[in-house]
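Spelled out, the chains give:
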Amino acid sequence: MTVENDTAPQFAQFAHPERLVSGDWLQAHLGTPGLVVVESDEDVLLYETGHIEGAVKIDWHTDLNDPVERDYIDGEQFAKLVGSKGIDRDTTVVIYGDKNNWWAAYALWVFTLFGHEDVRLLDGGRAKWESDGRAYTTAPESATLTEYPVVERDDTAIRAFKEDVLAHLGNPLIDVRSPEEFSGERTTAPAYPEESTLRAGHIPSAQNVPWGKAAADDGTFRSLTELDALYRVGAGLNDGDDIIAYCRIGERSSHTWFVLTYLLGLEGVRNYDGSWTEWGAAVRVPIVKGSEPGAVPSKWTQTLRN
Amino acid sequence: MTTEQLPAQLEQIREDFLGLEVRERLQLLLEFSNELPELPERYREHPDLFERVEECQSPVFIFVEVDESSIVHLFATAPKEAPTTRGFASILSQGLAGLTAEQVLGVPDDYPQTIGLTEAVSLLRIRGMTALLARTKRQIREKTAS
């Protein structure tokens, strides 16, 4: 049982308008059977300070990451998690969060790894909801337990590992980090020095398009024309390309993955969630410093093509 | 673990957190967050005095005062969109209240990891509080050096 799409005109320009809902739509649909609203933030306490009525909370760090291995939770853990949030396999899930939906997009990407069909973003996230003057509640989370099926994660379609990136060299790569991280001036994101690496720079040939450029000042996604200018004209991406996006731990790049896949309609985009914290610490992988993409060393194009 | 010399308020805060279920620890952290006092009048117009804690994911600024009786006063400010960071700052500002410079310098650097929050908010995030404590100590050392 899925809930009707938001047919707001501002979404019609995108390749997959069904992946976005507006504040008006959500306000009107709160409490609709078959809809579960999920908040996913960088700040683990933000939900507790006030959230959209009826929303449940899923935290990227304490819920979606495996507590021991550097990986996502498995099918059984995912079923248990989302089942405890009242989500069924055919539930329409609308995710929203802080910081231009950065972590909301990350959660959406993880839902997609498990093949959850109908998962959407609230355009503009918390910031837009608040600037529109809409209400929050501090009521504690409540959900009716469901029996979500155990579905194994599919890591092949939208997820890339380090080995996949090495084999991919020569095809389009999008580095969505800040220009300072891209050039190698710094090994960490501005204001994120705790996630440091051993080497700085970027993967050879990667185009630098900082993730936040896809968002307008009010936190909503930019228009298709603006996004085309950024990614198709600016970064040279084309339909049919095999594309890998990466950042530091895969969160900012899941935002870009969302934009490329659902707004621009590029198919075959994968997110390299190991990202720079893995690449910048790995032995014997090529790195380029400076603000230019740089070329893939021939050694890598030759050894890996055969 | 070095528990023997922990000042009473810090020990009390730790016991309060450890006595709760993981989920409830977040609620207590939120209470701390809400209790973070406004900056005193004399500092409100002086952002230049405050040091940004770069290790925190959200903007948080601290300023440490050591008075003539060698008592430490920690002032911190962080936006309401960053309740976790506010909570960290509030724990330290309450936990260190009334302590002497020497006592604060004696607080174990790993105190933030011992209060049961690593599971509730994750190890990565708790590093923000570790950095807050480290920078507080550094400011005290600088201010008591002369």
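So, here's what we can say about the structure. (Residues numbered from 1 in each chain as written. Chains lettered and ligands numbered in written order. Predicted model: local features only at pLDDT ≥ 70, side-chain atom pairs only at ≥ 80, totals over all residues. Heavy atoms only, no water.)

The next subject is the side chain of Thr220 of chain A. Residue and element names in this part refer to chain A. Residue position: Thr220 is located in the loop between β8 (207–208) and α9 (224–234). A residue is classified by how much of its surface remains accessible, and Thr220, at 13% relative accessible area, is buried. Leave out the neighbours within four places in its chain, and Thr220 touches Asp123, Gly124, Lys128, Ala214 and Ala215. (Helix = DSSP H or I, 4+ residues; strand = E, 2+ residues; numbered from the N terminus. Buried < 20%, exposed > 50% of the residue type's maximum accessible area, 1.4 Å probe, protein only. Contact = heavy atoms within 4.5 Å.)

What follows concerns the sheet that holds strand β1 (residues 51–52) of chain B. Residue and element names in this part refer to chain B. The 3 strands are arranged β1-β2-β3 in an open sheet whose pairing can be described as antiparallel. Across the chains shown, the open sheet's two edge strands, defined by having one partner strand only, are β1 and β3 (72–77). Contacts between helix α7 (residues 123–144) and the sheet are confined to β1, β2 (61–66) and β3, with β2 contributing the most and set at about 40° to the helix. (Pairing = 2+ DSSP bridges. Axes fitted to C-alpha atoms, helices over the stretch in contact; angles between N-to-C directions.)

What follows concerns the layout of surface pockets. Size it by volume and the largest pocket reaches roughly 1600 Å³. Lining the largest pocket are 46 residues, and of these Asp59, His61, Thr62 and Asp63 of chain A together with Glu119 of chain B sit closest to its centre. Sorting the residues of the lining of the largest pocket by element identifies α2 (46–49), α3 (60–64) and α4 (75–84) of chain A together with α2 (22–35), α6 (118–121) and α7 of chain B as the ones contributing at least two each. Grouping the constituent residues of the lining of the largest pocket by class yields 17 nonpolar, 11 polar and 18 charged. (1 Å grid on protein atoms, 1.4 Å probe; cavity = no way out; pocket = protein on both sides within 12 Å on 5 of 7 lines; lining within 4 Å. Points joined across faces, edges and corners; volume = space filled by probe spheres on them. Nonpolar A, V, L, I, M, F, W, Y, C, P; charged D, E, K, R; others polar.)

How two aromatic rings sit relative to each other is given by the distance of their centres and the angle of their planes. In total, this model carries 20 aromatic pairs over all chains according to the counting rule given. Both rings, one in Phe78 of chain A and one in Tyr148 of chain A, keep their centres 5.7 Å apart while their planes meet at 80°; by these two values the pair is edge-to-face. Of the two residues, Phe78 of chain A sits in helix α4 while Tyr148 of chain A sits in the loop between α6 (125–131) and β6 (159–160), which places them 70 residues apart along the sequence. Ring geometry for Phe17 of chain B and Phe32 of chain B: centres 5.8 Å apart, planes at 20°, overall stacked. Placement of Phe17 of chain B in helix α1 (residues 8–18) and of Phe32 of chain B in helix α2 is noted, with a sequence separation of 15 residues between them. (Phe/Tyr/Trp six-rings, centres within 6.5 Å; stacked < 30°, edge-to-face > 60°.)

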